[in-house]
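Overview (structure and organization)
Chain residues, written in single-letter form:
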Amino acid sequence: MSGPTTQSADAPTRRLAGLLIAGAGLAVLVVAPFTGLYTVFLMKLMCFALFACAFNLMLGYVGLLSFGHAAFFGMAAYATGHVVKEWGFDPFLGILAGAAVAGAMGLVFGAIAIRQKGIYFAMITLALAQMVYFFCLQVKFTHGEDGIQGIPRGMLFGLVDLRDSLNMYFFVAAIFVVGYAIIYRTVHSPFGQALKGIRENEPRMISLGYPVARIKVMAFTISAALAGLAGATKSIVFQAATLTDVHWHMSGEVVLMTLIGGMGTMFGPVVGAGVIVALQNYLATIGSWVTVVMGVIFVVCVLTFRRGIVGEILARLPHRR
Amino acid sequence: MVHLLETHALTKQFAGFVAVKDVNLRVRKGHIHALIGPNGAGKTTCFNLITKFLQPTSGSIVYDGRDITRDSAGAVARTGLVRSFQISAVFPHLTALENVRLGLQQPTGLTFSFWKPTRVLYRLHDRARELLEAVGLSEFADTTAGEMPYGRKRALEIATTLALEPELMLLDEPMAGMGHEDIARVSDLIRKVSENRTVLMVEHNLEVVSTLSDTITVLQRGQILAEGSYDEVSNDPAVREAYMGTGGE
């Protein structure tokens, strides 16, 4: 799923293994709500997992650390909340609208920031995201400190009642699967090959005639749109879009999730999101100490298994260098 | 057209320091043209200017009758002027086959197809294997490029460059850091690939230059000191003093 792959003799075996893993993953998604786990927790987990996967497309596969992904996540949440609550959009259309807003923002941010690298890229994305934060604090439709509250879940396509938590769960699961599939396909496509080339040796890609800047902007746009998809879905799940979603803390959290899970792996961000969301939920009773616990985990992670949980497991498996 | 590439009064200044000054270079179609000169003579800067990795301060570059002075590096590469680098420019975590395939992928127009599976690129494999065979790397097809010996990496780089069917290949010190055996192999390779194309190369190894190239341009302190065949250049008193005397054989 990650790292160098050879599509030679063992391609059919790999394909089969991939299908089995995908099948197992789907089975887990179908069974999960009946295991007694709180469905809201599972839905939150999927939203953040998708957010982290979208972020990882930039960090893990293009090698650019964006420190402003909360802007896409949060603005999509606001956009969806607004069109669903005020304009009466169908929840599905509302979510698409949110993702589209995030994608358009990604295109603009990407065009501005993409020629920078490393810390400069991170700083520009952070600065742009801060501008979005202050925009959200000031304008009317976001309702400032209150946020948009009481976003109705409504009826999906006028048929399925999303107020039913199980219906809502499967709707979120479907969005997660589609989002994840888009990322998987993007990584494993001719476009993904070009991204790998850029990550490995950018000057060489330029000398081979690739329009490197345009490729990166495209990747950033896809990443932003999917981060928006996650934020939009979250606003329907929690029926609220607030300043927390656009705050830079959110950008930091997604970095944390991706690094703990394993950047540059397909499944790492999902695991990382799981760890962080679970900690936040189950340690909520100890209040602000959660931050300390997460800090300790992060330090331990960086010091002992730098490749992240999934990265470390993959590295130890035989057959994948 | 006799000359595939011409530069007119090409000049590059870095903060007061003139790295390349009034260089009029003319590369004949079908020739192997070598740029030599002592360290710091501006050879690599010239390369970077011609391939548009650097923007010239003044002067112009004409390739195939078209002024490319204002074009971007990517655009220049797409018109058939493709360069290599001083340090090995392979994609270290990809296999040799995937390296060459990236060269082949560029002109296909598939690059932005993020919705298509990687499988659509498999039809390029036959051509990729042909190219690997042409540079003697058949048995390395599935080897990760980073794990290949140095000389083989250079060969892989040439195969990737050839994938674009360049009309003009610019090789920046193709023999740098190579042992004897590798030098012979890569020399043969350059001769072979230059049969129906033009090559401009920067090279330090005079033996290689003397046997391979049709024309030699000697640069010194950013300016052309002499130009001609190896015999003409090596008998030029100014060159003997400036180059052979200090860094020669």
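**Examining the environment of V187 of chain A**
Residues and elements named next belong to chain A. Structurally, the position occupied by V187 is in helix α6 (residues 165-187). A residue is classified by how much of its surface remains accessible, and V187, at 6% relative accessible area, is buried. Along the backbone, V187 and L57 are 130 residues apart, and their C-alpha atoms lie at a distance of 7.8 Å.

**Some thoughts on unusual backbone geometry**
Residues and elements named next belong to chain B. The phi torsion at K52 lies on the positive side, around 65°, for a residue other than glycine. Of note, K52 is situated in the loop between α1 (43-50) and β5 (58-63). The backbone phi angle of R221 is positive, close to 45°, even though this residue is not glycine. Mapped onto the secondary structure, R221 falls in the loop between β10 (215-220) and β11 (223-228). Classification of R221 as exposed rests on a relative accessible area of 65%.

**Points about helix α3 (residues 69-85) of chain A**
Residue pairs three or four apart in sequence face the same way in an α-helix, which turns once every 3.6 residues. For α3 of chain A, built from 17 residues, the straight-helix expectation of 24 Å at 1.5 Å per residue is met to within 8% by its first-to-last C-alpha distance of 24 Å. A large share of α3 of chain A lies buried, amounting to 16 of its 17 residues.

**Some thoughts on the pairing of strand β2 (residues 17-23) of chain B**
Residue and element names in this part refer to chain B. Relative to β2, strand β1 (residues 3-14) runs antiparallel, the two being bridged by four bridges. Following the sheet pairing, F14 is matched in β2 by F17. Between β1 and β2, which pair antiparallel one after the other, the connecting turn spans two residues, and A15 there sits at a positive phi close to 35°.

**So, a nonpolar patch on the surface**
Residue and element names in this part refer to chain A. A contiguous nonpolar patch, built from W87, F89, F92, L93, L96, F157 and L159 and spanning about 750 Å² of accessible area, is present on the exposed surface. Topologically, L96 is positioned in helix α4 (residues 91-113). What makes L96 partly exposed here is its relative accessible area of 40%.

**A closer look at the interface of chain A and chain B**
Contacts between the two partners involve 32 residues from chain A, matched on the other side by 43 residues from chain B. In this assembly, chain A packs against chain B so that about 3,200 Å² is buried in total across both faces, 61% of it on carbon and sulfur atoms. Among the residues chain A hides against chain B, the three largest losses belong to P190, E200 and R204 of chain A. Together they make up 21% of the total. At the surface where chain A touches chain B, the tally comes to zero salt bridges. Put simply, chain A and chain B have 15 residue pairs in polar contact (both at pLDDT 80 or more) between them. Elements that contribute at least two residues to the side of chain A that touches chain B include exactly α6, α7 (190-200), α8 (202-207) and α9 (212-238) of chain A. Here the side of chain A that touches chain B takes seven residues from α7 of chain A, the largest share from any one element. Grouping the constituent residues of the side of chain A that touches chain B by class yields 13 nonpolar, twelve polar and seven charged.

**Some words on α7 of chain A**
Most of α7 of chain A sits out of view: ten of its eleven residues are buried. Among the residues making up α7 of chain A, those that are buried are P190, F191, G192, Q193, A194, L195, K196, G197, I198 and E200 of chain A. In the core, the buried residues of α7 of chain A are packed alongside α2 (39-61), α6, α8 and α9 of chain A together with α3 (96-105) of chain B. The N-capping residue of α7 of chain A, defined by a side-chain oxygen 3.1 Å from the backbone nitrogen of F191 of chain A, is S189 of chain A.

**Notes on the sheet that holds β11 of chain B**
Residues and elements named next belong to chain B. Across the sheet, six strands lie side by side as β7-β8-β9-β4-β10-β11; this open sheet has mixed pairing. Two strands bound the open sheet, and with one partner strand each, they are β7 (81-83) and β11. Across the sheet, the mean angle from the axis of one strand to that of its neighbour is 20°, orientation sign disregarded. When β10 meets β11, the two strands line up antiparallel, connected through five bridges. Counted as the bridge partner of L219 is I224 from β11. Sheet contacts for helix α5 (residues 150-162): β7 and β8 (168-172); angle to β8, the most-contacted strand, approximately 155°.

Rules used in this analysis
- Residues numbered from 1 in each chain as written.
- Chains lettered and ligands numbered in written order.
- Predicted model: local features only at pLDDT ≥ 70, side-chain atom pairs only at ≥ 80, totals over all residues.
- Heavy atoms only, no water.
- Helix = DSSP H or I, 4+ residues; strand = E, 2+ residues; numbered from the N terminus.
- Buried < 20%, exposed > 50% of the residue type's maximum accessible area, 1.4 Å probe, protein only.
- Expected span 1.5 Å × (residues − 1).
- Pairing = 2+ DSSP bridges.
- Patch = residues over 30% accessible without salt bridge, like charges linked within 9 Å, V, L, I, M, F, W, Y side chains within 5 Å.
- Areas by Shrake-Rupley, 256 points an atom, 1.4 Å probe, with all protein chains shown as cover.
- Salt bridge = Lys/Arg side-chain N within 4 Å of Asp/Glu carboxyl O.
- Contact = heavy atoms within 4.5 Å.
- Buried area = accessible area lost by both parts, 1.4 Å probe.
- Polar contact = N/O pair within 3.5 Å; in protein donor to acceptor, adjacent residues only side chain to side chain.
- Nonpolar A, V, L, I, M, F, W, Y, C, P; charged D, E, K, R; others polar.
- Axes fitted to C-alpha atoms, helices over the stretch in contact; angles between N-to-C directions.

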